[in-house]
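# Chain and residue survey
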Amino acid sequence: MKYLQVKTMLSRVKDCNHWFGVQYNLNLYRGCSHGCIYCDSRSDCYRVDNFDQTAVKKNALNILEKELRSKRKKSIIGLGAMSDSYNPCESRLKLTRNALELMNKYKFGVHIPTKGILISRDCDILLEMLKHSPVSAAFTITVIDDVLSSKIEPSAPAVSRRLDTLKCLANKGFYVGILMMPILPFIGDTEENIVSIIHAAAERGASFIYPWFGITMRSGQREYFLKKLEELFSGMGEKYQSFFGHAYHCNSPNSKYLWKVFRNECVRLGIIYKMAEIIKGAEKRVIHRQLSLF
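A brief structural summary. (Residues numbered from 1 in each chain as written. Predicted model: local features only at pLDDT ≥ 70, side-chain atom pairs only at ≥ 80, totals over all residues. Heavy atoms only, no water.)

### Side note on the sheet that holds strand β8 (residues 135-140)
With mixed pairing, the seven strands of this open sheet are ordered in space as β2-β3-β6-β7-β8-β9-β10. Here the strands that pair on one side only, and so sit at the sheet edges, are β2 (10-12) and β10 (208-211). The average angle at which neighbouring strand axes cross in this sheet is 25°, direction not considered. Pairing geometry for β2 and strand β3 (residues 24-26), over three bridges, is antiparallel. Looking across to β3, one finds that Arg12 is bridged to Tyr24. Relative to the sheet, helix α7 (residues 191-203) contacts β9 (175-180) and β10, its axis offset from that of β9 by approximately 170°. (Pairing = 2+ DSSP bridges. Helix = DSSP H or I, 4+ residues; strand = E, 2+ residues; numbered from the N terminus. Axes fitted to C-alpha atoms, helices over the stretch in contact; angles between N-to-C directions. Contact = heavy atoms within 4.5 Å.)

The following block contains the structure:
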């Protein structure tokens, strides 16, 4: 296990209305052991050496508490924008759990994007946070099939286990949903896959789904992704290069049709999919206890 010394923990988000109402991002780990072939955090611009090895910010909690204490305006913190906060080592190190305890102490809310199933361990703290601030969690699901998922997300928990965990949180009253992204062109961009994810989410009590029918590719991540595509799906790397060239935003050629299918099915099943409405939904779930006069 590699340990890192850092000077700051919270990074300011410019537009809090763009991503789940998050005003600060917090990454307790660097790198990720899920092995997802498409992860944007592999990009050269982030300067993360050996991304597949999770590194620990050993002085993270002390710095985080100082920063939380200094913030007058209580807000929502996005947990794990570049590294899943529920990497396997979290079961032993409990950095995420301890950070949530600090966020609860200083009355901050949280949004947690994850593929990890260990999040269910922390329901007790999240319920306490929900008494004063918005709490939301979104499970990344790009394909519904466990076998296909094991190819493109080789070390992440199976999709079926993520869905079980989502159901567990939903049953406890949490505001949970799905990040349906990236939907990989020529792999996951089928009507069957999209509709299956929506139905699985609805059946398990998901409140929202936020999609993107495509992928980003830039230096460092692009080369790794195309290499893995070619290894896993013969000829697919060459197909991507031919179709997308050096584009950054690589939308599925079926994106317009898939968006229509997605929108219609979400409306039919009562699933929220617009970011402004997702943010409002999280705010409405806060449990405001009425103060007693006696």
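Having seen the structure, we can now continue with the description.
### A closer look at empty space enclosed by the protein
On inspection of all chains with the given rule, the structure shows one cavity of 30 Å³ or more. For the largest cavity, the calculated volume is near 40 Å³. As for the largest cavity, its lining consists of Ile112, Ile119, Leu126, Val135, Ser136, Ala137, Leu169, Phe174, Tyr175 and Val176. Among the elements of the structure, β8 and β9 are those that each provide at least two residues to the lining of the largest cavity. Sorting elements by how many residues they give to the lining of the largest cavity places β8 first, with three residues. Split by residue class, the lining of the largest cavity holds nine nonpolar, one polar and no charged. (1 Å grid on protein atoms, 1.4 Å probe; cavity = no way out; pocket = protein on both sides within 12 Å on 5 of 7 lines; lining within 4 Å. Points joined across faces, edges and corners; volume = space filled by probe spheres on them. Nonpolar A, V, L, I, M, F, W, Y, C, P; charged D, E, K, R; others polar.)

### Observations concerning the packing of aromatic side chains
Counted by the stated rule, this structure contains 16 aromatic pairs. Ring centres 5.8 Å apart and planes at 85° place the aromatic pair Phe186 and Tyr240 in the edge-to-face group. Here the residue Phe186 occupies a position in the loop between β9 and α7, and Tyr240 occupies one in helix α9 (residues 236-244), the gap between them amounting to 54 residues. A ring pair is formed by Phe213 and Trp259, whose centres lie 6.4 Å apart and whose planes are at 70°; its orientation type is edge-to-face. Residue Phe213 is located in the loop between β10 and β11 (214-216), and its partner Trp259 is located in helix α10 (residues 255-269); the two are separated by 46 residues in the primary sequence. We classify Phe213 as buried; its relative accessible area is 4%. Here the aromatic residues Trp19, Phe20, Tyr175, Phe208 and Tyr210 are joined through ring pairs into a cluster of three or more. The lysine or arginine in question, Arg42, covers the ring of Tyr224, its NZ or CZ lying 3.9 Å from the ring centre. One cation-aromatic arrangement involves Lys239 over Phe186; the distance from NZ or CZ to the ring centre is 4.2 Å. (Phe/Tyr/Trp six-rings, centres within 6.5 Å; stacked < 30°, edge-to-face > 60°. Buried < 20%, exposed > 50% of the residue type's maximum accessible area, 1.4 Å probe, protein only. Lys NZ or Arg CZ within 6 Å of the ring centre and 35° of its normal.)

### A short note on the pattern of salt bridges
Following the criterion strictly, the structure yields 14 salt bridges and no others. Linking Arg69 and Glu65 is a salt bridge whose minimum nitrogen-to-oxygen distance equals 3.9 Å. Of this pair, Arg69 and Glu65 both sit in helix α1 (residues 60-70), four residues apart, which is roughly one turn of the helix. According to the relative accessible area criterion, Glu65 is buried, its value standing at 18%. Note that Glu231 is salt-bridged to Lys228, the shortest N-O span being 3.6 Å. Of this pair, Glu231 and Lys228 both sit in helix α8 (residues 221-232), three residues apart, roughly one helical turn. With relative accessibility at 23%, the residue Lys228 sits in the partly exposed group. Each member of the salt-bridge network shares a partner with another, and the members are Glu90, Arg97, Arg121, Asp122 and Asp124. (Salt bridge = Lys/Arg side-chain N within 4 Å of Asp/Glu carboxyl O.)

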